[in-house]
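Secondary and tertiary structure notes
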Protein chains: 2
Amino acid sequence: MKTYQELSKEELLSLKAQLEKDFEDAKGKGLKLDMSRGKPSVAQLDMGMDIFDVLNSGSDLTSMEGVDVRNYGVLDGILEAKNLMADIMGVTAEHVIVYGNASLNVMFDAVSSAVTHGVMGNTPWCKLDKVKFLCPVPGYDRHFAITQHFGIEMINVPMTPQGPDMDMVEKLVSQDESIKGIWCVPKYSNPQGYTYSDETVRRFANLKPAAKDFRIFWDNAYSVHHLYDEEERQDRILEILSECEKAGNPDMVYEFASTSKISFSGAGVAAIATSKGNLEYIKKALAIQTIGHDKINQLRHVRYFKNFDGVKAHMRKHAALMRPKFEAILDVLERELDGTGIGQWTKPNGGYFISFEAMEGCAKAIAAKCKEAGVTLTGAGATYPYGKDPKDSNIRIAPTYPAPDELALATDVFVLCVKLVSIEKLLENKTA
Amino acid sequence: MKTYQELSKEELLSLKAQLEKDFEDAKGKGLKLDMSRGKPSVAQLDMGMDIFDVLNSGSDLTSMEGVDVRNYGVLDGILEAKNLMADIMGVTAEHVIVYGNASLNVMFDAVSSAVTHGVMGNTPWCKLDKVKFLCPVPGYDRHFAITQHFGIEMINVPMTPQGPDMDMVEKLVSQDESIKGIWCVPKYSNPQGYTYSDETVRRFANLKPAAKDFRIFWDNAYSVHHLYDEEERQDRILEILSECEKAGNPDMVYEFASTSKISFSGAGVAAIATSKGNLEYIKKALAIQTIGHDKINQLRHVRYFKNFDGVKAHMRKHAALMRPKFEAILDVLERELDGTGIGQWTKPNGGYFISFEAMEGCAKAIAAKCKEAGVTLTGAGATYPYGKDPKDSNIRIAPTYPAPDELALATDVFVLCVKLVSIEKLLENKTA
């Protein structure tokens, strides 16, 4: 089989004519499919409904430490919730603060507080002329939105299957004092589903930043979100807090996690894990910001999941639902695009996304063409800071919400659009 | 009966000798009573337990607008929650954003966002040399803590039974562009239980601030927290948003409310009500900060209370529990201190506090003496910015947590301490 690049102009034109017919057929189906956001499906949400039975009007709402969770108090979360979130992150409870319903808010607050009050006694970022963040790309749009909101300059760092380009990270961080942070999704990264290698984690822990207040924003959003039950198909990651400690950089990382994609999106429990030095500063500000987060929901979660094994068992149910979704997409991509030379894609062992690399300059056009046929993709560019994908090639595919048959249909449309747009681009190049 | 001021030195000394014996007796009882914080009692929390039965594993978790509240989405709250919170504040739903578990956090964020991004397009406060807030005193310590945290200078404004001294507010606000806000608890104020008069509300609405980004931080925390069922003993307040609109100042107020003291403290639902102009700006930042607040808890609240009448019925139960607590304290104060000239106190129709004014220079000593005998009061000074009560005379009494008989006991100790400390002060003055 020839790649599209190897086809003659005539071959491309004839293929294009056929594909255009197929595209008109697809449009005629009046599809309305959405692969744009990492939203849980209704079936997945239904799996967690028993959580509403663990508390009732007769329940004793006393925490293991004797706290009435219905009343004020306990700034940093009840102990059993700390324990559970610590297990999810692979740390111990004394490193944890449990927050409200979602980790995005915790990350926002971490940046906001650094802007207004600085990090661990250092100059507030709002008093500095320039603050920069490193952004492994492609990455998570909502991370980039936070740093953009606060006027922080974002520098792209290419991702590899082992994690961000650490040569570049080490060099930039050690040379430029205005670089104050880096956004990381270290396990089943958004959108590629890559997991940082042990070497990458160790190189992170051993960074020698020019800025004393440099922090790694370690968004461990998918730590238990495996697609496969077999251990050998489950990615593992080194625990960053202890690696930083070993490396003499105990304060260098803020780790974030939540149950948003374990229990319910937006009604879960979020947490931060970090050094005691950081915790002390964070709690000082937190004590001004709140009397405490929702401890009832914290207790509800612990009573439902019981412990980390309970979480893992629950996530195996999610995996059973999720696998066919990912596979439905991957099957179509493989069948239709393997060997064509017009696209590459990731085959993750977990997480919420598949990342697709189209030919340079094609992503926006593909997304627009999909839209024409009723298939919504994440806006092209969204996986890059400022919404600007310099190569206009990355497309994030979110398999989590639709059913497998819908995903197969949507991916049929997607590959059609990839082919058509790629041919147009190749013809353009031949003409030019 | 003579006031203490009218007693001779000998009379004071003889009274003191007797009171010191009583105080030793009180100490001997080994009391451990806390009137320091506005925490709901266990019995009050128990009244809301049925809320845990409204959602179970078989519930349909679809909002009235068809939103699956278990999933992501809906930045500003589900419509039924907006309606309920709007009713509680006396406004309409289109003015409301529903937030997470507590309004303190909403107020913090409002200030924080003004500091980093400014108010409705105006210069961020962090870029200004000086930002000031007016603080009606005595007031709520956690308000003052927020402004202090952000380095905002606080200016005391005396409270009257009709609200803050509006002559002073009008003068300061119109002359000084660096005054950007004022903290108000307009109904059943913390700690005095005063409710702003119609004239006060109208004068607020008609302020002519020098600063375009001046905002009234209207913490309507106790809007439905009456102590009495009789309408004539329930304070009413003019609705500030519509008054500001009428006065041509539609954007001048942020109103805050929550169900923290209706359902559960720290596991309630909070909200802001403000103009559409403000909402637009707030939502822009909110969209960066969160994907949405806990909609399940919003729905739980609405299904439990059903509507505003449900809230009012629930609050009548609270009132039945709360009345004897307030009365237990007021009875002792009246019996022991009426006519003594050494203290004045408020007799609120609602809210969470009684405010006590001791003789100048006595509050700290009274709190310390109470502590000696096992009775904890709110730290003297806490009701003033920077913890500094210039007259050292205000003491906030929180009747909500202990039982009435405990409150009577605690107040016995309190009046004993008031008498002793006052006598010492009077003797000091006679000597000096």
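For clarity, every value in this text was computed on a predicted model and none was experimentally measured. (Residues numbered from 1 in each chain as written. Chains lettered and ligands numbered in written order. Predicted model: local features only at pLDDT ≥ 70, side-chain atom pairs only at ≥ 80, totals over all residues. Heavy atoms only, no water.)

1. Observations concerning the interface of chain A and chain B
The partner chain B presents 56 residues to the 56 residues of chain A that form the contact. For the pair chain A and chain B, the interface holds 19 residue pairs in polar contact (both at pLDDT 80 or more). Counting only elements with at least two residues in the side of chain A that touches chain B, the list comes to α2 (42-46), α4 (103-117), α5 (141-149), α9 (276-289) and α10 (295-305) of chain A. Broken down by element, the residue count for the side of chain A that touches chain B peaks at eight residues, all from α4 of chain A. A class-by-class count of the residues in the side of chain A that touches chain B yields 24 nonpolar, 19 polar and 13 charged. (Contact = heavy atoms within 4.5 Å. Polar contact = N/O pair within 3.5 Å; in protein donor to acceptor, adjacent residues only side chain to side chain. Helix = DSSP H or I, 4+ residues; strand = E, 2+ residues; numbered from the N terminus. Nonpolar A, V, L, I, M, F, W, Y, C, P; charged D, E, K, R; others polar.)

2. Re the packing of helix α1 (residues 9-28) of chain A against helix α13 (residues 404-431) of chain A
Residue and element names in this part refer to chain A. Relative orientation of the contacting elements α1 and α13 amounts to 145°, with a least axis distance of 10 Å. With respect to the hand of their crossing, α1 and α13 are arranged in left-handed fashion. Facing α1, whose interface residues are Lys9, Leu12, Leu13, Leu15, Lys16, Leu19, Glu20, Asp22, Phe23 and Ala26, α13 presents Val413, Leu416, Cys417, Lys419, Leu420, Ile423, Glu424, Leu426, Leu427 and Lys430. Looking at side-chain class alone, the contact of α1 with α13 contains 13 nonpolar, no polar and seven charged residues. (Axes fitted to C-alpha atoms, helices over the stretch in contact; angles between N-to-C directions. Left-handed = near helix turned anticlockwise from the far one by under 90°.)

3. Notes on the relation of the copies chain A and chain B
Rotating chain A by 180° and moving it 0.0 Å along the rotation axis overlays it on chain B with an RMSD of 0.1 Å. The transformation relating the two chain copies, once decomposed into turn and shift, fits a two-fold axis. Of the interface residues in chain A, 100% have counterparts in chain B that sit at the interface too, so the contact is made through matching surfaces. (Least-squares fit on C-alpha atoms with pLDDT ≥ 70 in both.)

4. A word on α5 of chain A
Residues and elements named next belong to chain A. For α5, the buried fraction is high: seven of the nine residues fall into the buried class. Among all positions of α5, only Asp141, Arg142, His143, Phe144, Ile146, Thr147 and His149 are buried. At the C-terminal side of α5, Gly151 shows a positive phi close to 70°. (Buried < 20%, exposed > 50% of the residue type's maximum accessible area, 1.4 Å probe, protein only.)

5. Digging into the nonpolar core
Residues Phe204 of chain A together with Phe204 of chain B are the most contacted members of the largest nonpolar core, which totals 116 residues. The contact partners of Phe204 of chain A, leaving out residues within four places of it in the chain, are Pro164, Met166, Val169, Ile182, Cys184, Tyr196, Ile216, Trp218, Ile240 and Met252 of chain A. (Core = buried A, V, L, I, M, F, W, Y, C linked by side-chain atoms within 4.5 Å.)

6. What about α10 of chain A?
Within α10 of chain A, 10 of the 11 residues are buried, which leaves it mostly tucked inside the rest of the structure. Listed as buried for α10 of chain A are Lys295, Ile296, Asn297, Gln298, Leu299, Arg300, His301, Val302, Tyr304 and Phe305 of chain A. The inward-facing, buried residues of α10 of chain A abut α3 (79-89), β2 (96-98) and α11 (308-337) of chain A together with α10 (295-305) of chain B. Two or three places before Ile296 of chain A, at the start of α10 of chain A, stands the capping residue Asp294 of chain A, its side-chain oxygen 3.0 Å from that residue's backbone nitrogen. Lys306 of chain A occupies a position one or two residues after α10 of chain A and carries a positive phi of about 70°.

7. Digging into the environment of Met120 of chain A
Residue and element names in this part refer to chain A. Tracing the sequence through the fold places Met120 in the loop between α4 and β3 (132-137). Taking the C-alpha atoms as reference, Met120 lies 49 Å from Lys32; in sequence the two are 88 residues apart. When residues no more than four places from it in sequence are discounted, the contact partners of Met120 are Arg215, Asp251, Gly277, Asn278 and Tyr281.

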